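As a plain string of letters, each chain reads:
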Amino acid sequence: MEAAAAAAASPSGPAAEAGLWLGALRFDNRALRALPLDPSEENVPRPVSGACFSRVRPTPVRGPRLVAASAPALELLGLREPRAADEEAEAALYFSGNRLPPGAEPAAHCYCGHQFGSFAGQLGDGAAVYLGEVLNVRGERWEIQLKGAGLTPFSRQADGRKVLRSSIREFLCSEAMFHLGIPTTRAGTCVTSDSEVIRDIFYDGNPKKERCTIVLRIAPTFIRFGSFEIFKATDEYTGRKGPSVDRNDIRIQMLDYVISTFYPEILQAHSENNVQRNAAFFREVTRRTARMVAEWQCVGFCHGVLNTDNMSIVGLTIDYGPFGFMDRYDPEHICNGSDNAGRYAYNKQPEICKWNLGKLAEALVPELPLEISLPILEEEYEAEFERHYLQTMRKKLGLIQLRLDDDNKLVSDLLETMRVTGADFTNTFRLLSSFPADSDPLKLEEFLDKISKECASLEELKVAYKPQMDPRQLSMMLMLAQSNPQLFALIGTKSNINKELERIEQFSKLQQLSASELVSRNKGHWKDWLQNYRVRLEKEMEQFGNSDNWNAEHVKIMNSNNPKYILRNYIAQNAIEAAENGDFVEVRKVLRLLEKPYEDNLECYNEATEDPEVEEVGAAAAECSSASRRRVPYSSKPPLWASELCVT
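Just so it is clear, the structure is predicted and the values come from calculations on it, not from any experiment.

Q: Explain the overall build of the protein residue by residue, including any values.
A: When you go through the protein residue by residue, the secondary structure sums to 21 helices and 14 strands. Summarising its shape, the C-alpha atoms of the protein cover approximately 75 × 70 × 60 Å along the three principal directions. Within the span of the protein, comprising 648 residues, buried residues form 55% of the whole. Of the contacts formed within the protein by residues at least 6 apart in sequence, a portion of 73% connects residues at least 24 apart. About 27,500 Å² of surface is accessible on the protein, with carbon and sulfur atoms providing 50% of the total. Within the protein, one finds 76 positive and 92 negative side-chain charges whose respective centroids are separated by 1 Å.

And the structure:
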């Protein structure tokens, strides 16, 4: 197998003609040497048993062209950002999959997963192609993938393609998360083409043609929790099973590979005892996952599809689909329009990640017995999450001197104040760095004016609480819940009905409320919390001594932990609409902004176009009219039309 790998890395053969910009990427495809390969190279959807990878070839596209490239991500591979037209053409050629760089060994990874709580059986890389692992000059190993590169044995009923709207979102968010300091996979390039596929965006019977687009994804590995579920026996609820049941030898190979490659310190510490080694591995995955989701919660990020096949074995945010950053703070925020039950709502992410770790624990049996792994999960997860969450929240509030027991309550009271006032999550935290710590009533009133502008307006709240069900349908559901609870349980959920009743009640109250009354009420809520915040800040100042020095450090810490810019859905939507009209400038402009999310001396605007045509792309609601959009700084609260966006 080593000889075969050496031959594949040789510059001779059909993949040999790399251009000057691409240079000589140094491939060392350890995963394909360490893990079993599918003996069949038949590239049709099929079960793949006894293997972790299947060899495939990317499917070429017509007229590939570069949408955007991330210089920091490409630097991981030893590449600089393509600048000249010939360099952009070369990047498009190779990172569309139309041509393979020397040393690449394209393959698709086999994995399973629990999707929305149910075991789905074999899934795998249905649209992503592993190209290989690149070693850079620092000795770092980076796996590179082409997402959207065509059919694989795991494509099921799909076509192996991704489109421009979803690819731009993944490309931008991968880089945005990295620059926010959150563990994530990276995105090097986004390449679109003249090839088209048909997509029914809202599943409403109105399909349209969209451009095939490919994202170059970069990570230490794309192995995920679901990679270990290929050994799962028949599930008692779904009747599905993994393709490699009873192949514990492959499970052992996977553990050996993952631990030796990505957790070498654990291998070194437990080289004589595999059970202890595997326990230490599971403990570290648990801790990394807890820290990752704590980081999500602290920036208001919602993943949207937290299935076990979307959970990285090295604790990275992976697989960006219907994600979203919260605008108005709502702990029950659901970013995925297809998540009708709210399984992956913002406030449920921590518990869902723990549930997924439980499924990983099951998948490691017998190499790690549950009587060892489950106590580790109970012992480590909540403690690590709470520790990291509170540590990060203290930084966001500028609490850098003391760690007090009441800090947790201060944070929870802040979030409740944000909820009842509909405050913008990102901008509220950013604004708090300018809160005057002294007791000057004039300064307090000025600050209350500022923070009230970050709260939801009456118009925004009316959109948010607008009833979603036809009154006749709701009435029928309520009667059914009483007369036939069993049938009701099959066609509706109690929580959905309760939410609809709450929307009706809130919407009715809003009709009786004036804008000035709302502002006055919001200021009252904030005044109460800010008084407690000031008391806490005074304790900080007492520890520091010099109040001027304290304030400078306090503001510095807050502004380096509270971003000014995030990838709001409407910002991504503007970039998508421009790109679909052939203009990639907005994508590149937004990328540059997201590379410096904490900087004050930048500004970027939503540029309204003169005669825009509404496109039902990705996050766009059908009734959203671009013609009503105005020029809005990307650091401001989103415009009202943004609340109509729906991502599925």
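After presenting the structure, the write-up continues.
Q: Kindly report on the nonpolar core, identifying the contributing residues and their values.
A: Counting residues in each nonpolar core, the largest one holds 166 residues, and the members touching the most others are Phe95 and Tyr533. Take this core: its biggest share by element is 12 residues, from helix H8 (residues 274-299). Tyr533 has contacts with Leu397, Leu399, Leu410, Leu432, Phe435, His554 and Met558, leaving out every residue within four places of it along the chain. If you look at the next biggest cluster of nonpolar residues, it comprises seven residues, including Ala456, Leu458, Tyr465 and Leu518.

Q: Tell me what's going on with helix H20 (residues 569-580), and back it up with residues and numbers.
A: Its 12 residues give H20 an end-to-end C-alpha distance of 16 Å, which sits within 8% of 16 Å, the value for a rise of 1.5 Å per residue. With 12 of 12 residues buried, H20 is to be regarded as a mostly interior element. Just beyond H20, the residue with positive phi is Gly582, at close to 90 degrees.

Q: Describe a nonpolar patch on the surface, listing the residues and the values that go with them.
A: Together, Val365, Leu370 and Leu374 give the surface a local cluster of nonpolar side chains, amounting to about 190 Å² of exposed area. With respect to the element layout, Leu370 can be found in helix H10 (residues 370-396).

Q: Now, about the packing of aromatic side chains: what can you tell me, with residues and values included?
A: In this structure the tally under the stated criterion is 20 aromatic pairs. Between the aromatic rings of Phe53 and Tyr130, the centroid separation amounts to 5.3 Å while the plane-to-plane angle is 50 degrees, which identifies the pairing as tilted. Of this pair, Phe53 sits in strand E1 (residues 53-55) while Tyr130 is found in strand E6 (residues 128-135), placing the two residues 77 residues apart along the sequence. When sorted by exposure, Phe53 lands in the same class as Tyr130, which is buried. An aromatic cluster is defined as three or more aromatic residues linked by ring pairs; in this entry it consists of Trp296, Phe301, Tyr320, Phe323 and Phe325. The ring of Phe119 carries the charged tip of Lys232 above its face, separated from the ring centre by 5.4 Å. Over the aromatic face of Tyr465 sits the side chain of Arg328, whose NZ or CZ is 5.9 Å from the ring centroid.

Q: Just give me the short version of helix H4 (residues 85-94), but keep the residues and values in it.
A: For H4, the set of buried residues is Glu87, Glu90, Ala91, Ala92 and Tyr94. Among the structural elements, strand E2 (65-69), strand E7 (141-147) and strand E9 (186-199) are those in contact with the buried residues of H4.

Q: Got a sec to walk through the pattern of salt bridges? Specific residues and values, please.
A: The final tally for this structure, using the stated rule, is 50 salt bridges. A salt bridge links Glu362 to Lys359, with the nearest nitrogen and oxygen atoms 3.4 Å apart. With Glu362 and Lys359 both in helix H9 (residues 349-363), this residue pair falls three residues apart, about one helical turn. A relative accessible area of 37% places Glu362 in the partly exposed class. A salt bridge links Glu460 to Lys637, with the nearest nitrogen and oxygen atoms 2.7 Å apart.

Q: Describe the packing of H20 against helix H21 (residues 585-594), and please don't skip the residues or the numbers.
A: In contact at an axis separation of 7 Å, H20 and H21 are set at 150 degrees when each is read in the N-to-C sense. One element, H20, and the other, H21, form an angle in the roughly antiparallel class. On H21, the residues that touch Ile571, Asn574, Ala575, Ala578 and Ala579 of H20 are Glu586, Val587 and Val590.

Q: Give a description of the environment of Phe116 that names residues and reports values.
A: Along the polypeptide, Phe116 turns up in the loop between strand E4 (112-115) and strand E5 (118-122). Look at Phe116 and you get partly exposed, because its relative accessible area is 37%. Phe116 sits 189 residues away from Val305 along the chain, and the two C-alpha atoms are 7.8 Å apart.

Q: Could you give an account of the pairing of E7, naming the residues involved and the relevant values?
A: Buried residues dominate E7, accounting for seven of its seven residues. Residues Arg141, Glu143, Gln145 and Lys147 point to one face of E7 and Trp142, Ile144 and Leu146 to the other, with burial holding for every one of them. Across seven bridges, E6 lies against E7 in antiparallel orientation. Bridging from a neighbouring strand, Val129 pairs with Leu146 of E7. Connecting the antiparallel pair E6 and E7 is a turn made up of five residues, with Gly139 showing a positive phi of about 85 degrees. Taken together, the five bridges between E7 and strand E10 (residues 208-219) define a ladder with antiparallel strand orientation. Among the inter-strand pairings, Ile144 is bridged to a residue of E10, identified as Ile218.

Q: Before we move on, could you go through the packing of helix H15 (residues 471-483) against helix H17 (residues 494-511) and cite the residues and values that matter?
A: Where H15 contacts H17, the axes come no closer than 11 Å and their chain directions differ by 135 degrees. Relative to H17, the element H15 lies oblique. The crossing of H15 and H17 is left-handed. Within the contact between the two elements, H15 uses Leu474, Met477 and Leu478 and H17 uses Ile497, Glu500, Leu501 and Ile504.

Definitions and limits used
Residue indices follow the written sequence of each chain, beginning from 1 at its first position. Reporting of local features is limited, given that this is a predicted model, to residues whose pLDDT is at least 70; pairs of side-chain atoms are given and counted only at 80 or more, and all residues count toward the totals for whole chains, interfaces and linings. Hydrogens and water are ignored here; the side-chain numbers use all heavy atoms of the structure. For helices the rule is a DSSP run of H or I covering at least 4 residues; for strands it is a run of E covering at least 2, with both sets numbered from the N terminus onward. The cut-offs for exposure are 20% and 50% of the maximum accessible area for each residue type, with area from a 1.4 Å probe on protein chains only; residues under the lower value are buried, those over the upper are exposed, and the others partly exposed. What makes two residues a contact is simply this: any of their non-hydrogen atoms within 4.5 Å. Working definition of accessibility: Shrake-Rupley area with a 1.4 Å probe, residue cover restricted to the visible protein chains. In this tally Asp and Glu are treated as negative and Lys and Arg as positive; neither His nor the chain ends contributes. Think of each charge as sitting on NZ of Lys, CZ of Arg, CG of Asp or CD of Glu. Each nonpolar core is a collection of buried residues, namely Ala, Val, Leu, Ile, Met, Phe, Trp, Tyr and Cys, held together in the definition by side-chain atoms within 4.5 Å. To estimate how far a helix should reach, multiply one less than its number of residues by 1.5 Å. Exposure above 30% relative accessible area and the lack of any salt bridge qualify a residue for a patch; like charges then connect within 9 Å, and the nonpolar side chains Val, Leu, Ile, Met, Phe, Trp and Tyr within 5 Å. Here a salt bridge means any side-chain nitrogen of Lys or Arg lying within 4 Å of a carboxyl oxygen belonging to Asp or Glu. Classification of ring pairs rests on two measures: the distance between centres of Phe, Tyr or Trp rings, Trp counted by its six-membered ring, which must be within 6.5 Å, and the angle between planes, read as stacked under 30 degrees, edge-to-face over 60 and tilted in between. A ring is considered to have a charge above it if a Lys NZ or an Arg CZ atom is located within 6 Å of its centre and within 35 degrees of its normal. Structural elements are reduced to axes, namely lines fitted to C-alpha atoms, with helices fitted over the stretch in contact, and the angle between N-to-C directions of any two is expressed from 0 to 180 degrees. In what follows, roughly perpendicular refers to angles from 65 to 115 degrees, roughly parallel to angles under 35, roughly antiparallel to angles over 145, and oblique to any angle outside these ranges. Any two strands with at least two DSSP-identified bridges between them are counted as paired. The hand of a helix crossing depends on one turn: near helix anticlockwise from the far one by less than a right angle means left-handed, and clockwise means right-handed.

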